[in-house]
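# Fold and contact review
Here are the chains, one letter per residue:
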Amino acid sequence: MNLKQAKELFDKYINNQCSPEELELLETFLDSYQDGNAVLSDNNLQDVKESQDRIWKDILTQIEDKTSYRKTYPFKSYLAYAIAASVVVFLAIGVFNQFDKVETETQSKIVSEESIKIGTDKAILTLEDGTSIALEKGKNYDDDNIRSDGERVIYQGDEQENVESKITYNYLTIPRGGQFFVKLSDGTQVWLNSETQLKYPVSFIKGQPRNVELVYGEAYFDVSPSKLHNGATFSVTSKGQHVEVLGTEFNVKAYQDEDLTYTTLVEGMVMVATENQEGLKLKPGQQVVLNEMENTLVVSSVDVYGETSWRNGIFSFKNLALKDIMTVLSRWYDVEVAFKDKEAENIKFNGVLSKHQDLEKILTTIQNTGFINQFEIENKKVTIE
(Lines give C-alpha, C1' and ligand atoms only; values in the text may rest on other atoms or scores of the structure.)
Protein backbone atom coordinates (compact mmCIF):
# COMPACT_ATOMS: atom_id res chain seq x y z
CA MET A 1 0.00 0.00 0.00
CA ASN A 2 1.42 3.39 -0.96
CA LEU A 3 1.18 6.62 1.00
CA LYS A 4 -1.73 7.97 -1.00
CA GLN A 5 -3.81 4.87 -0.29
CA ALA A 6 -2.88 5.02 3.40
CA LYS A 7 -3.97 8.64 3.59
CA GLU A 8 -7.31 7.77 2.03
CA LEU A 9 -7.84 5.05 4.63
CA PHE A 10 -6.83 7.41 7.40
CA ASP A 11 -9.40 9.91 6.17
CA LYS A 12 -12.02 7.17 6.32
CA TYR A 13 -10.90 6.21 9.83
CA ILE A 14 -11.28 9.79 11.11
CA ASN A 15 -14.84 9.77 9.76
CA ASN A 16 -15.61 6.32 11.23
CA GLN A 17 -15.99 4.76 7.78
CA CYS A 18 -13.25 2.11 7.90
CA SER A 19 -14.16 -1.56 7.66
CA PRO A 20 -12.31 -4.04 9.95
CA GLU A 21 -10.22 -5.12 6.95
CA GLU A 22 -9.25 -1.53 6.17
CA LEU A 23 -8.30 -0.93 9.81
CA GLU A 24 -5.94 -3.91 9.63
CA LEU A 25 -4.38 -2.55 6.44
CA LEU A 26 -3.80 0.84 8.01
CA GLU A 27 -2.35 -0.70 11.16
CA THR A 28 0.06 -2.75 9.02
CA PHE A 29 1.06 0.40 7.20
CA LEU A 30 1.77 2.23 10.46
CA ASP A 31 3.86 -0.65 11.75
CA SER A 32 5.82 -0.85 8.50
CA TYR A 33 6.53 2.85 8.49
CA GLN A 34 7.66 2.76 12.09
CA ASP A 35 9.94 -0.25 11.51
CA GLY A 36 11.67 1.56 8.67
CA ASN A 37 10.53 -0.80 5.93
CA ALA A 38 10.63 0.42 2.37
CA VAL A 39 6.90 0.93 2.17
CA LEU A 40 7.49 4.57 1.25
CA SER A 41 9.60 5.08 -1.83
CA ASP A 42 11.31 8.33 -2.74
CA ASN A 43 8.81 8.76 -5.55
CA ASN A 44 5.94 8.48 -3.12
CA LEU A 45 7.44 11.05 -0.80
CA GLN A 46 7.97 13.49 -3.66
CA ASP A 47 4.25 13.42 -4.31
CA VAL A 48 3.43 14.56 -0.79
CA LYS A 49 3.06 18.24 -0.06
CA GLU A 50 4.56 19.68 3.13
CA SER A 51 1.28 20.29 4.96
CA GLN A 52 0.16 16.71 4.48
CA ASP A 53 3.54 15.23 5.34
CA ARG A 54 3.82 17.26 8.55
CA ILE A 55 0.58 15.80 9.90
CA TRP A 56 1.65 12.27 9.11
CA LYS A 57 5.01 12.76 10.75
CA ASP A 58 3.19 13.58 13.97
CA ILE A 59 1.34 10.29 13.68
CA LEU A 60 4.09 8.02 12.48
CA THR A 61 7.28 9.17 14.21
CA GLN A 62 6.05 9.37 17.79
CA ILE A 63 4.66 5.88 18.33
CA GLU A 64 7.42 4.37 20.42
CA ASP A 65 5.90 1.64 22.57
CA LYS A 66 2.53 0.36 21.49
CA THR A 67 2.53 -2.41 24.10
CA SER A 68 2.77 -0.11 27.11
CA TYR A 69 0.35 2.31 25.50
CA ARG A 70 -2.21 -0.42 25.01
CA LYS A 71 -1.94 -1.25 28.72
CA THR A 72 -2.48 2.38 29.68
CA TYR A 73 -5.32 3.08 27.24
CA PRO A 74 -7.27 -0.18 26.65
CA PHE A 75 -9.25 0.83 23.55
CA LYS A 76 -10.80 -1.58 21.08
CA SER A 77 -8.44 -1.13 18.14
CA TYR A 78 -4.66 -0.74 18.11
CA LEU A 79 -5.13 1.85 15.40
CA ALA A 80 -6.87 4.02 17.98
CA TYR A 81 -3.87 3.65 20.31
CA ALA A 82 -1.45 4.40 17.52
CA ILE A 83 -3.19 7.58 16.50
CA ALA A 84 -3.85 8.68 20.07
CA ALA A 85 -0.24 7.97 21.02
CA SER A 86 1.05 10.72 18.79
CA VAL A 87 1.82 14.00 20.53
CA VAL A 88 -1.18 15.46 18.77
CA VAL A 89 -3.09 14.79 15.57
CA PHE A 90 -5.15 17.68 14.23
CA LEU A 91 -6.72 17.39 10.80
CA ALA A 92 -8.56 20.44 9.54
CA ILE A 93 -11.46 19.26 7.42
CA GLY A 94 -10.28 19.17 3.83
CA VAL A 95 -6.68 19.91 4.70
CA PHE A 96 -5.48 16.86 2.75
CA ASN A 97 -7.06 18.37 -0.33
CA GLN A 98 -5.56 21.82 0.19
CA PHE A 99 -1.97 21.04 -0.70
CA ASP A 100 -1.35 24.56 -1.94
CA LYS A 101 -1.80 26.04 1.52
CA VAL A 102 1.45 27.64 2.62
CA GLU A 103 2.70 27.22 6.17
CA THR A 104 2.52 30.47 8.06
CA GLU A 105 5.78 32.30 8.53
CA THR A 106 4.46 34.35 11.43
CA GLN A 107 5.97 33.40 14.75
CA SER A 108 3.56 33.03 17.62
CA LYS A 109 4.32 34.95 20.77
CA ILE A 110 4.59 33.42 24.21
CA VAL A 111 4.87 35.87 27.07
CA SER A 112 4.32 34.04 30.32
CA GLU A 113 5.54 34.53 33.83
CA GLU A 114 4.58 30.93 34.55
CA SER A 115 4.27 27.97 32.20
CA ILE A 116 0.83 26.62 31.36
CA LYS A 117 0.52 23.41 33.34
CA ILE A 118 -1.02 20.22 32.01
CA GLY A 119 -4.09 19.13 33.97
CA THR A 120 -3.66 16.53 36.69
CA ASP A 121 -5.51 14.58 39.38
CA LYS A 122 -6.81 16.99 42.00
CA ALA A 123 -10.04 17.74 43.83
CA ILE A 124 -11.58 19.38 46.88
CA LEU A 125 -13.50 17.02 49.15
CA THR A 126 -16.13 18.79 51.27
CA LEU A 127 -17.44 16.85 54.26
CA GLU A 128 -20.87 17.08 55.88
CA ASP A 129 -19.63 19.56 58.50
CA GLY A 130 -18.22 21.87 55.81
CA THR A 131 -14.58 20.85 56.23
CA SER A 132 -12.68 21.05 52.93
CA ILE A 133 -9.79 18.71 52.15
CA ALA A 134 -7.46 19.14 49.19
CA LEU A 135 -6.85 15.86 47.36
CA GLU A 136 -3.89 15.74 45.00
CA LYS A 137 -1.15 13.47 43.71
CA GLY A 138 1.31 12.40 46.38
CA LYS A 139 -1.04 13.29 49.24
CA ASN A 140 -2.94 10.58 51.13
CA TYR A 141 -6.14 11.03 53.13
CA ASP A 142 -7.58 8.43 55.50
CA ASP A 143 -10.57 8.97 57.77
CA ASP A 144 -13.26 6.51 58.89
CA ASN A 145 -14.69 5.01 55.70
CA ILE A 146 -12.94 7.40 53.27
CA ARG A 147 -9.60 6.57 51.64
CA SER A 148 -7.68 8.59 49.07
CA ASP A 149 -4.24 8.17 47.51
CA GLY A 150 -4.41 11.58 45.85
CA GLU A 151 -5.59 10.18 42.52
CA ARG A 152 -8.90 8.66 43.61
CA VAL A 153 -11.17 8.57 46.63
CA ILE A 154 -12.85 5.37 47.79
CA TYR A 155 -15.85 5.11 50.13
CA GLN A 156 -16.12 1.89 52.12
CA GLY A 157 -18.78 0.48 54.41
CA ASP A 158 -22.15 -1.24 54.20
CA GLU A 159 -25.47 0.33 53.27
CA GLN A 160 -27.54 1.67 56.16
CA GLU A 161 -30.29 -0.68 57.34
CA ASN A 162 -32.49 1.95 59.02
CA VAL A 163 -34.73 3.68 56.48
CA GLU A 164 -35.22 6.54 58.95
CA SER A 165 -31.49 7.21 59.15
CA LYS A 166 -30.36 10.65 58.06
CA ILE A 167 -28.43 10.64 54.81
CA THR A 168 -25.24 12.68 54.99
CA TYR A 169 -23.67 14.13 51.87
CA ASN A 170 -20.19 14.92 50.65
CA TYR A 171 -19.18 17.09 47.70
CA LEU A 172 -16.28 16.43 45.35
CA THR A 173 -15.27 19.53 43.41
CA ILE A 174 -12.84 19.30 40.49
CA PRO A 175 -11.22 22.65 39.60
CA ARG A 176 -10.18 23.76 36.14
CA GLY A 177 -7.03 21.89 35.26
CA GLY A 178 -8.09 18.82 37.22
CA GLN A 179 -9.75 15.43 37.03
CA PHE A 180 -10.58 12.79 39.63
CA PHE A 181 -12.13 9.38 40.29
CA VAL A 182 -14.51 8.42 43.09
CA LYS A 183 -15.89 5.03 44.05
CA LEU A 184 -19.14 5.48 45.97
CA SER A 185 -20.13 3.31 48.91
CA ASP A 186 -22.42 1.16 46.72
CA GLY A 187 -19.55 0.34 44.35
CA THR A 188 -20.57 2.80 41.63
CA GLN A 189 -17.51 4.27 39.89
CA VAL A 190 -17.49 7.88 38.71
CA TRP A 191 -14.86 9.69 36.62
CA LEU A 192 -15.05 13.48 36.98
CA ASN A 193 -13.79 15.92 34.36
CA SER A 194 -12.38 19.42 34.85
CA GLU A 195 -14.61 22.10 36.40
CA THR A 196 -17.09 19.61 37.86
CA GLN A 197 -18.91 19.15 41.17
CA LEU A 198 -20.66 16.00 42.39
CA LYS A 199 -22.92 15.72 45.45
CA TYR A 200 -23.46 12.20 46.82
CA PRO A 201 -24.38 10.28 50.01
CA VAL A 202 -21.58 9.04 52.23
CA SER A 203 -23.60 5.81 52.37
CA PHE A 204 -26.90 4.75 50.85
CA ILE A 205 -29.94 3.25 52.64
CA LYS A 206 -30.42 -0.41 51.83
CA GLY A 207 -33.25 -1.01 49.35
CA GLN A 208 -33.93 2.72 48.86
CA PRO A 209 -33.29 4.64 45.60
CA ARG A 210 -29.69 5.74 45.25
CA ASN A 211 -29.58 9.40 44.21
CA VAL A 212 -26.62 11.63 43.37
CA GLU A 213 -26.45 15.12 41.88
CA LEU A 214 -24.10 16.34 39.19
CA VAL A 215 -24.19 19.97 40.33
CA TYR A 216 -22.26 21.03 37.21
CA GLY A 217 -19.61 19.74 34.85
CA GLU A 218 -19.06 16.34 33.27
CA ALA A 219 -19.00 12.83 34.74
CA TYR A 220 -18.84 9.27 33.49
CA PHE A 221 -20.81 6.74 35.59
CA ASP A 222 -20.29 2.98 35.82
CA VAL A 223 -23.23 2.09 38.06
CA SER A 224 -23.35 -0.84 40.47
CA PRO A 225 -26.29 -3.02 39.33
CA SER A 226 -29.63 -2.75 41.12
CA LYS A 227 -29.70 -6.53 41.69
CA LEU A 228 -26.82 -6.08 44.15
CA HIS A 229 -28.85 -3.55 46.16
CA ASN A 230 -32.25 -5.17 46.64
CA GLY A 231 -33.47 -3.68 43.37
CA ALA A 232 -32.67 -0.10 44.37
CA THR A 233 -32.47 2.13 41.31
CA PHE A 234 -29.69 4.66 40.73
CA SER A 235 -30.36 8.19 39.47
CA VAL A 236 -28.45 11.33 38.58
CA THR A 237 -29.99 14.80 38.61
CA SER A 238 -28.34 17.68 36.76
CA LYS A 239 -29.47 21.06 35.45
CA GLY A 240 -33.18 20.34 35.19
CA GLN A 241 -33.00 16.71 34.12
CA HIS A 242 -33.27 13.35 35.88
CA VAL A 243 -31.48 10.21 34.66
CA GLU A 244 -32.65 6.89 36.11
CA VAL A 245 -30.75 3.64 35.56
CA LEU A 246 -30.81 0.03 36.65
CA GLY A 247 -27.12 -0.70 36.12
CA THR A 248 -25.21 0.77 33.23
CA GLU A 249 -22.48 3.07 31.94
CA PHE A 250 -23.24 6.57 30.74
CA ASN A 251 -21.77 10.07 30.46
CA VAL A 252 -23.45 13.34 31.50
CA LYS A 253 -22.10 16.76 30.47
CA ALA A 254 -23.86 19.72 32.10
CA TYR A 255 -21.54 22.71 32.35
CA GLN A 256 -22.70 25.97 33.88
CA ASP A 257 -21.64 28.07 30.90
CA GLU A 258 -23.39 25.88 28.32
CA ASP A 259 -27.11 25.92 27.51
CA LEU A 260 -27.22 22.25 26.52
CA THR A 261 -26.93 19.13 28.68
CA TYR A 262 -25.69 15.95 27.00
CA THR A 263 -26.39 12.42 28.27
CA THR A 264 -24.66 9.62 26.34
CA LEU A 265 -25.42 5.93 26.94
CA VAL A 266 -22.53 3.47 26.63
CA GLU A 267 -24.10 0.27 27.98
CA GLY A 268 -27.44 -0.81 29.45
CA MET A 269 -30.48 1.46 29.55
CA VAL A 270 -31.35 4.83 31.05
CA MET A 271 -34.48 6.93 31.25
CA VAL A 272 -34.01 10.69 30.89
CA ALA A 273 -36.81 13.06 31.97
CA THR A 274 -37.41 16.67 33.01
CA GLU A 275 -40.21 18.33 34.98
CA ASN A 276 -42.05 19.03 31.74
CA GLN A 277 -40.94 16.11 29.60
CA GLU A 278 -41.85 12.45 29.97
CA GLY A 279 -38.98 10.01 30.24
CA LEU A 280 -37.12 9.00 27.09
CA LYS A 281 -35.37 5.63 26.96
CA LEU A 282 -31.90 5.56 25.45
CA LYS A 283 -30.22 2.66 23.71
CA PRO A 284 -26.42 2.18 23.76
CA GLY A 285 -24.82 4.56 21.30
CA GLN A 286 -27.54 7.18 21.68
CA GLN A 287 -27.37 10.64 23.20
CA VAL A 288 -30.15 12.90 24.45
CA VAL A 289 -29.61 16.65 24.42
CA LEU A 290 -31.58 18.85 26.81
CA ASN A 291 -32.09 22.43 25.69
CA GLU A 292 -33.23 24.25 28.82
CA MET A 293 -34.07 27.45 26.94
CA GLU A 294 -36.44 25.68 24.54
CA ASN A 295 -37.44 22.95 27.02
CA THR A 296 -36.74 20.15 24.53
CA LEU A 297 -35.15 16.70 24.63
CA VAL A 298 -33.66 15.43 21.36
CA VAL A 299 -32.26 11.91 20.87
CA SER A 300 -29.67 10.98 18.24
CA SER A 301 -26.94 8.43 17.57
CA VAL A 302 -23.40 9.56 18.40
CA ASP A 303 -19.77 8.45 18.39
CA VAL A 304 -19.54 7.09 21.94
CA TYR A 305 -15.74 6.93 21.84
CA GLY A 306 -15.55 10.61 20.95
CA GLU A 307 -17.96 11.56 23.74
CA THR A 308 -16.25 9.55 26.49
CA SER A 309 -12.55 9.31 25.56
CA TRP A 310 -11.68 12.16 27.96
CA ARG A 311 -11.70 9.77 30.92
CA ASN A 312 -8.95 7.66 29.30
CA GLY A 313 -6.60 10.58 28.73
CA ILE A 314 -7.71 11.40 25.19
CA PHE A 315 -9.65 14.24 23.61
CA SER A 316 -11.40 13.21 20.39
CA PHE A 317 -13.00 15.94 18.29
CA LYS A 318 -15.17 15.26 15.26
CA ASN A 319 -16.32 18.10 13.03
CA LEU A 320 -16.06 20.49 15.99
CA ALA A 321 -15.66 24.25 15.77
CA LEU A 322 -12.36 25.65 17.01
CA LYS A 323 -14.12 27.81 19.62
CA ASP A 324 -15.67 24.64 21.11
CA ILE A 325 -12.34 22.83 21.03
CA MET A 326 -10.72 25.75 22.84
CA THR A 327 -13.47 25.67 25.47
CA VAL A 328 -12.57 22.06 26.24
CA LEU A 329 -8.84 22.85 26.32
CA SER A 330 -9.38 25.93 28.50
CA ARG A 331 -10.90 23.78 31.25
CA TRP A 332 -8.10 21.22 31.15
CA TYR A 333 -5.22 23.71 31.02
CA ASP A 334 -6.97 26.30 33.20
CA VAL A 335 -6.59 29.18 30.75
CA GLU A 336 -8.82 31.84 29.25
CA VAL A 337 -9.21 32.02 25.47
CA ALA A 338 -9.95 35.01 23.23
CA PHE A 339 -10.30 35.22 19.44
CA LYS A 340 -9.09 38.32 17.58
CA ASP A 341 -10.00 36.61 14.33
CA LYS A 342 -13.71 35.88 14.79
CA GLU A 343 -13.86 33.86 11.58
CA ALA A 344 -11.44 31.35 13.09
CA GLU A 345 -13.96 30.52 15.82
CA ASN A 346 -16.14 28.53 13.41
CA ILE A 347 -13.45 26.61 11.53
CA LYS A 348 -14.24 22.95 12.08
CA PHE A 349 -11.69 20.26 12.81
CA ASN A 350 -11.39 16.53 13.22
CA GLY A 351 -8.75 15.65 15.73
CA VAL A 352 -7.43 13.21 18.30
CA LEU A 353 -4.99 14.37 20.94
CA SER A 354 -3.50 13.29 24.23
CA LYS A 355 -4.46 15.21 27.36
CA HIS A 356 -0.88 14.89 28.57
CA GLN A 357 0.75 17.23 26.04
CA ASP A 358 1.82 20.86 26.39
CA LEU A 359 -0.76 23.39 25.25
CA GLU A 360 1.85 25.20 23.17
CA LYS A 361 2.44 22.05 21.11
CA ILE A 362 -1.27 21.66 20.45
CA LEU A 363 -1.68 25.29 19.40
CA THR A 364 1.39 25.13 17.16
CA THR A 365 -0.04 22.09 15.39
CA ILE A 366 -3.33 23.89 14.81
CA GLN A 367 -1.41 26.89 13.52
CA ASN A 368 0.52 24.66 11.12
CA THR A 369 -2.71 23.70 9.36
CA GLY A 370 -2.71 27.26 8.06
CA PHE A 371 -6.21 28.04 9.31
CA ILE A 372 -5.03 30.45 12.00
CA ASN A 373 -2.28 33.01 11.58
CA GLN A 374 -0.75 32.92 15.04
CA PHE A 375 -1.51 32.64 18.73
CA GLU A 376 -0.25 34.42 21.80
CA ILE A 377 0.11 33.03 25.30
CA GLU A 378 0.46 35.62 28.03
CA ASN A 379 0.32 34.35 31.57
CA LYS A 380 -2.89 32.27 31.58
CA LYS A 381 -4.61 33.78 28.56
CA VAL A 382 -4.49 32.47 24.99
CA THR A 383 -5.29 34.81 22.09
CA ILE A 384 -5.99 33.34 18.65
CA GLU A 385 -5.25 35.68 15.74
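The paragraphs below set out a description of the structure included in this document. On a predicted model such as this, the values are computed, not experimentally measured, just so you know. (Residues numbered from 1 in each chain as written. Predicted model: local features only at pLDDT ≥ 70, side-chain atom pairs only at ≥ 80, totals over all residues. Heavy atoms only, no water.)

### Points about the overall build of the protein
To keep things clear, this is the line we draw: Counting from the N terminus, the helices are DSSP H or I runs at least four residues long and the strands are E runs at least two residues long. Relative accessibility decides the category of a residue: with a 1.4 Å probe and only protein chains considered, values under 20% of the type maximum give buried, values over 50% give exposed, and everything between is partly exposed. Here a residue-residue contact requires only that any non-hydrogen atoms of the pair lie within 4.5 Å. Only the protein chains shown count as covering a residue, and every accessible area follows the Shrake-Rupley method with a 1.4 Å probe.
When helices and strands are counted, the protein shows 9 helices and 25 strands. Classification of the 385 residues of the protein by burial places 49% in the buried group. Long-range pairs, those at least 24 residues apart, make up 59% of the contacts in the protein between residues at least 6 apart in sequence. Approximately 18,700 Å² of the protein is accessible, and the part contributed by carbon and sulfur atoms is 43%.

### Some points on the nonpolar core
For the record, the criterion: The criterion is simple. A nonpolar core is a set of buried Ala, Val, Leu, Ile, Met, Phe, Trp, Tyr and Cys residues joined through side-chain atoms within 4.5 Å.
Formed by 39 residues in total, the largest nonpolar core has its most connected members in Leu 125, Leu 172, Val 182, Tyr 200, Val 212, Phe 221 and Phe 250. Apart from residues no more than four positions distant in its own chain, Phe 221 is found in contact with Gln 189, Val 190, Leu 198, Val 212, Phe 234, Val 236, Thr 248, Glu 249, Phe 250 and Val 252. Membership of the second largest hydrophobic core comes to 29 residues, among which are Trp 310, Phe 315, Ile 325 and Ile 362.

### Comments concerning the pairing of strand 10 (residues 189-192)
Note the following rule: Two strands pair under a simple rule: DSSP has to find at least two bridges between them.
Where strand 9 (residues 178-183) meets strand 10, 4 bridges bridge the pair, whose relative direction is antiparallel. The residue of strand 10 that forms the bridge with Phe 180 is Leu 192. Taking the residues that link successive antiparallel strands as the turn, the strand 9-strand 10 hairpin has 5 residues, and the phi of Gly 187 there is positive, at about 95 degrees. Both strand 10 and strand 12 (residues 210-222) contribute to a ladder of 4 bridges, which runs antiparallel. Residue pairing for strand 12: Leu 192 is matched across the bridge by Ala 219.

### With respect to the pattern of salt bridges
The cut-off we apply is this: Within this document, salt bridges are pairs made up of a side-chain nitrogen of Lys or Arg and a carboxyl oxygen of Asp or Glu, the two lying within 4 Å of each other.
Considering all chains together, one arrives at 12 salt bridges under this definition. A salt bridge links Asp 257 to Arg 331; the nearest nitrogen and oxygen atoms lie 3.0 Å apart. Residue Asp 257 is found in the loop between strand 15 (249-254) and strand 16 (260-267), and its partner Arg 331 is found in helix 8 (residues 322-333); the two are separated by 74 residues along the sequence. Judged by relative accessible area, which is 57%, Asp 257 ranks as exposed. The partner of Glu 345 in a salt bridge is Lys 342, with the nearest N and O atoms 3.6 Å apart. Given the relative accessible area of 18%, Glu 345 is considered buried. The exposure class assigned to Lys 342 is exposed, which follows from its relative accessible area of 54%. Shared partners join several salt bridges into a network, and the residues in it are Arg 176, Glu 195, Asp 257, Glu 258, Arg 331, Asp 334, Glu 336 and Lys 380.

### Some thoughts on the packing of helix 8 against helix 9 (residues 359-368)
How we decide: All axes are obtained by fitting lines to C-alpha atoms, using only the stretch in contact for helices, and the reported angles, taken between N-to-C directions, cover 0 to 180 degrees. By the definition adopted for this analysis, an angle is roughly parallel if under 35 degrees, roughly antiparallel if over 145, roughly perpendicular if from 65 to 115, and oblique otherwise. Following the grouping adopted for this structure description, the nonpolar residues are Ala, Val, Leu, Ile, Met, Phe, Trp, Tyr, Cys and Pro, the charged ones are Asp, Glu, Lys and Arg, and the polar ones are all others, Gly among them.
Following both chains from N to C, one finds helix 8 and helix 9 inclined at 170 degrees, their axes separated by 12 Å at the closest point. As judged from the angle between their axes, helix 8 and helix 9 are roughly antiparallel. Between helix 8 and helix 9, the residues in contact are Leu 322, Met 326, Leu 329 and Tyr 333 and Leu 359, Ile 362, Leu 363 and Ile 366, respectively. Here the residues of the contact of helix 8 with helix 9 sort into 8 nonpolar, no polar and no charged.

### Let's talk about helix 9
By the criterion of burial, helix 9 is predominantly enclosed, with 7 of the 10 residues buried. Listed as buried for helix 9 are Leu 359, Ile 362, Leu 363, Thr 365, Ile 366, Gln 367 and Asn 368. Within two residues after helix 9, Gly 370 carries a phi angle of roughly 90 degrees, on the positive side.

### Some details on the pairing of strand 3 (residues 120-126)
Across 2 bridges, the pairing between strand 3 and strand 9 is parallel. In the sheet register, Asp 121 faces strand 9, and the bridge partner there is Gln 179. Relative to strand 8 (residues 169-174), strand 3 is paired through 3 bridges, and the arrangement is antiparallel. By the bridge assignment, Thr 126 is partnered in strand 8 with Tyr 171.

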